[in-house]
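Residue-level listing of the chains:
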Amino acid sequence: MEDLFSVAGKVAVVTGGSRGIGLMIARGFVEAGARVYICSRSSTDCDAAAAELSKVGECVSAPADLSTLAGIDALVAAIGEREEMVHVLVNNAGVATGAPIDDFPEELWDRVFDINTKAVFYLISRMLPLMRRGASAETPGSVVNIGSVDGLSTPPVANFAYSASKAAVHMMTRHVAYALVGDHINVNAIAPGLFHTAMTRRTFEGSDPFGRIDSVPMGRTGTPEDIAGTTIYLASRASAFMTGAVLPLGGGFATIDRQGQ
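Calculation criteria
- Residues numbered from 1 in each chain as written.
- Predicted model: local features only at pLDDT ≥ 70, side-chain atom pairs only at ≥ 80, totals over all residues.
- Heavy atoms only, no water.
- Helix = DSSP H or I, 4+ residues; strand = E, 2+ residues; numbered from the N terminus.
- Buried < 20%, exposed > 50% of the residue type's maximum accessible area, 1.4 Å probe, protein only.
- Contact = heavy atoms within 4.5 Å.
- Areas by Shrake-Rupley, 256 points an atom, 1.4 Å probe, with all protein chains shown as cover.
- Expected span 1.5 Å × (residues − 1).
- Salt bridge = Lys/Arg side-chain N within 4 Å of Asp/Glu carboxyl O.
- Phe/Tyr/Trp six-rings, centres within 6.5 Å; stacked < 30°, edge-to-face > 60°.
- Disulfide = S-S within 2.5 Å.

Overview of the overall build of the chain
Along its length, the chain carries seven helices and seven strands. Along the chain direction, N to C, the helices and strands of the chain fall in the order β-α-β-α-β-α-β-α-β-α-β-α-α-β. When the 261 residues of the chain are sorted by exposure, 47% land in the buried category. Long-range contacts, defined as pairs at least 24 residues apart, comprise 72% of the intrachain contacts of the chain with a sequence gap of at least 6. Carbon together with sulfur atoms contributes 53% to the accessible area of the chain, which is approximately 12,400 Å² in total.

This is the structure:
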């Protein structure tokens, strides 16, 4: 069973890996014996996170701006210079920002979709040569897209572009999974709920009613083990027969009917 869930020796790329959920995932892979490349737009943050994770395993800083195709190509080229193959791609980089419906700037909508949705598709596309080399019927390659419970249900406070971008990630996951099944590359998504991150800090400061803990049936937030464990499962042989799935990871939020509460 240890071998079944093992990611030891695999090469993994985690975007948005310098903080928040991405850092939780990257730490889990590093501690599990994978060689991990983390990507962040800030080279300072990326270098600092990689240095910290390197104290417990192999982690390499690979800063890049994934909001542009040039940035995506630069990241793939940098990894290709060091690795012959990539076994795991975790598309976690994202932004959550919004505005009132009466005054929603077009550039803000485009920024959210460029990073949350378009970058996911094109990074998968550009990474395919490296991933095909590391994939086989016995040990499939793994793409794990990080969506959101906001893409599964209507939140208590509207966040138009973010929710739409994450719903798009979920549907794109299914289509890309179908397209790559013959390449032995499994493509799945995780839809996280409430975790303690910089993105959700307003929730815990009491200034944002969205995502309150009392809206989570389990009555708690997600832990680093929750998100890292689920991602590692999707990157291991334990999930070899799973592709095109969207796994809710929100303590029951968006999956349990709480009508009337």
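Still more to cover.
Here we look at helix α1 (residues 20-31)
For α1, built from 12 residues, the straight-helix expectation of 16 Å at 1.5 Å per residue is met to within 8% by its first-to-last C-alpha distance of 17 Å. Directly after α1, the chain includes Gly33, whose backbone phi takes a positive value near 100°.

Details of unusual backbone geometry
Both trends apply: most residues other than glycine have a negative phi, and most peptide bonds are in trans. With a phi close to 60°, His184 is a non-glycine residue in the positive phi region. Mapped onto the elements of the fold, His184 is located in the loop between α5 (160-180) and β6 (185-192).

Observations concerning the environment of Val13
Structurally, the position occupied by Val13 is in strand β1 (residues 11-15). Here the alpha-carbon distance between Val13 and Cys59, two residues 46 residues apart in the chain, equals 9.7 Å.

Some thoughts on the pattern of salt bridges
Under the definition given, this model contains six salt bridges. A salt bridge links Glu58 to Arg35; the shortest N-O distance between them is 3.7 Å. Here Arg35 lies in strand β2 (residues 35-39) and Glu58 lies in strand β3 (residues 58-61), a separation of 23 residues in the sequence. With a closest N to O distance of 2.7 Å, Arg126 and Asp73 form a salt bridge.

Here we look at the packing of aromatic side chains
This model, assessed by the stated rule, comprises five aromatic pairs. Here Phe5 and Tyr233 contribute two aromatic rings whose centre-to-centre distance is 6.4 Å and whose plane-to-plane angle is 35°, an arrangement assigned as tilted. Separated by 228 residues along the polypeptide, Phe5 in the segment before β1 and Tyr233 in helix α7 (residues 224-235) bring together distant segments of the chain. A relative accessible area of 39% places Phe5 in the partly exposed class. By way of ring pairs, the aromatic residues Phe104, Trp109, Phe113 and Phe160 are connected into one cluster.

So, the state of the cysteines
Scanning the model with the defined rule gives zero disulfides in all. For the unlinked cysteine Cys59, the closest cysteine sulfur is that of Cys46, found at 7.6 Å.

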